[in-house]
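Structural characterization, general
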Amino acid sequence: MNLVELGYLVGWRITRAVPKSLAAAVFRFGADRAYRRGGPGVRRLATNLRQVVGPELPQAEFDQLVRRGLRSYARYWLEMFRLPSLSHTQRLTTFELIGTEELARAVAAGRGAVIALPHGGNWDAAGAWVAAKGWPITTVAERLKPEAVYHRFLEFRQRLGMEIIPLTGGEAPPFDVLAERLARGHVVPLLADRDLTRRGIEVRFFGARTRMPAGPALLALRTGAPLYVASMWYESDLARAELIGPLEVPDPASGTLTERVRTLTQRVADQLATGIARHPEDWHMLQRMWLAEEDRTTTDPVAPAAPGPA
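1. A word on the pattern of salt bridges
Under the defined criterion, the tally for this structure stands at 11 salt bridges. Where Glu180 meets Arg184, a salt bridge forms, and the shortest distance between an N and an O atom there is 3.0 Å. Take Arg184: its relative accessible area is 52%, and that puts it in the exposed class. Taken together, the shared-partner salt bridges in this structure form one network comprising Glu163, Glu180, Arg181 and Arg184.

Written as structure tokens, this is what we have:
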């Protein structure tokens, strides 16, 4: 067992063994310490948040936004580590979805639902909530290094009731598996605000160029499943999300499949931006986002990504 795997293992065990108030105080202290040190991850978060809020926000207010963002990110890790210890009832009551009835109708219709997510709020709590509702849920996860860490996260999410498909190295292409699951009425949430392949769709996002994955749009166009976007954030006592959609799908006569995927992915980006702008402190994006930065340099110190569905 290497140090990375050991760190995750300690996180899961220790945070579940101590009172939540004590664990929360420790994680909050860690977030504030990271803020004062101003390391690469903090600087990356600040760069991304400044793009969101624009240059008009005074520096003192912006500094407090970055600090709240780090506390929100720490809260995600704390709640993620403690999630397996929650009862079925607690998984239903510590997360709230605005638009539950809409999602229930999509599942009941047997068409499934594709949900494009930001790296915001607590997407693991959202997945656990869907599973606790009794709805089948399948998603894709990036294969983390070392492999043992990936398998621990795989087991963690499977215990919560989620089916996890590896982004790479699976028995079948993930797109084919997800399309088949949608045909069986599954909920398919996919993190959609950051492209992992460098082959994503170029979009405008908060006034700048970036790439986002084509998967959510392509799945909706190929399968006919409704496509939603979720806005995700924290409140004092629970994680919340709002379901937007289903998004309007481009008519087949409007262009080629590639053109329609591009159009629909831009609609996803627009809705993601609306939600993030309302709750910027809960957008946990500590990785490079903007293509203009890639044009200037190919090196970028980043913080570890919060592991989630790809």
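2. Some words on the packing of aromatic side chains
Evaluated as defined, the whole model comprises 11 aromatic pairs. On the basis of an interplanar angle of 80° and a centroid distance of 6.3 Å, the ring pair of Tyr73 and Trp77 is categorised as edge-to-face. Placement of both Tyr73 and Trp77 in helix α4 (residues 59-82) is noted, with a separation of 4 residues, approximately one turn of the helix. Neither Tyr73 nor Trp77 differs from the other in exposure class; each is buried. Three or more aromatic residues joined by ring pairs form one cluster here, namely Phe27, Tyr73, Tyr76, Trp77, Phe81 and Trp123. In this structure, Arg50 packs its charged tip against the face of Phe62, placed 4.0 Å from the ring centre.

3. Side note on helix α2 (residues 20-37)
Given 3.6 residues per turn, any residue in an α-helix points the same way as the ones three and four places further on. Its 18 residues place the ends of α2 26 Å apart at the C-alpha level, agreeing with the 26 Å of an ideal helix rising 1.5 Å per residue. Those residues of α2 not exposed but buried are Ala23, Ala31 and Asp32. Just beyond α2, the residue with positive phi is Gly38, at close to 60°.

4. What to know about the pairing of strand β8 (residues 227-234)
Burial analysis of β8 places 8 of its 8 residues in the buried class, which makes it a mostly covered element. Every second residue of β8 is oriented toward a common face, with Leu227, Val229, Ser231 and Trp233 on one face and Tyr228, Ala230, Met232 and Tyr234 on the other, all of them buried. In this structure, strand β2 (residues 113-117) lies alongside β8, joined through 3 bridges in parallel fashion. Counted as the bridge partner of Ala116 is Val229 from β8. When β8 meets strand β9 (residues 239-244), the two strands line up antiparallel, connected through 6 bridges. Counted as the bridge partner of Tyr234 is Ala239 from β9.

5. Overview of the sheet that holds strand β5 (residues 187-191)
Within a sheet, adjacent strands bond to each other through the backbone by hydrogen bonds, running parallel or antiparallel. Taken in spatial order, the 5 strands make up an open sheet running β1-β9-β8-β2-β5, and their pairing is mixed. Two strands close off the open sheet at either side, each with one partner strand: β1 (95-98) and β5. Within the sheet, the average angular offset between the axes of one strand and its neighbour, ignoring direction, is 25°. Alignment of β1 against β9, held across 4 bridges, turns out to be parallel. Of the residues in β9, the one forming a bridge with Phe95 is Ala239. Set on the sheet, helix α11 (residues 257-278) makes contact with β2, β8 and β9; between it and β8 the angle comes to about 20°.

What counts and what doesn't
Residues numbered from 1 in each chain as written. Predicted model: local features only at pLDDT ≥ 70, side-chain atom pairs only at ≥ 80, totals over all residues. Heavy atoms only, no water. Salt bridge = Lys/Arg side-chain N within 4 Å of Asp/Glu carboxyl O. Buried < 20%, exposed > 50% of the residue type's maximum accessible area, 1.4 Å probe, protein only. Phe/Tyr/Trp six-rings, centres within 6.5 Å; stacked < 30°, edge-to-face > 60°. Helix = DSSP H or I, 4+ residues; strand = E, 2+ residues; numbered from the N terminus. Lys NZ or Arg CZ within 6 Å of the ring centre and 35° of its normal. Expected span 1.5 Å × (residues − 1). Pairing = 2+ DSSP bridges. Axes fitted to C-alpha atoms, helices over the stretch in contact; angles between N-to-C directions. Contact = heavy atoms within 4.5 Å.

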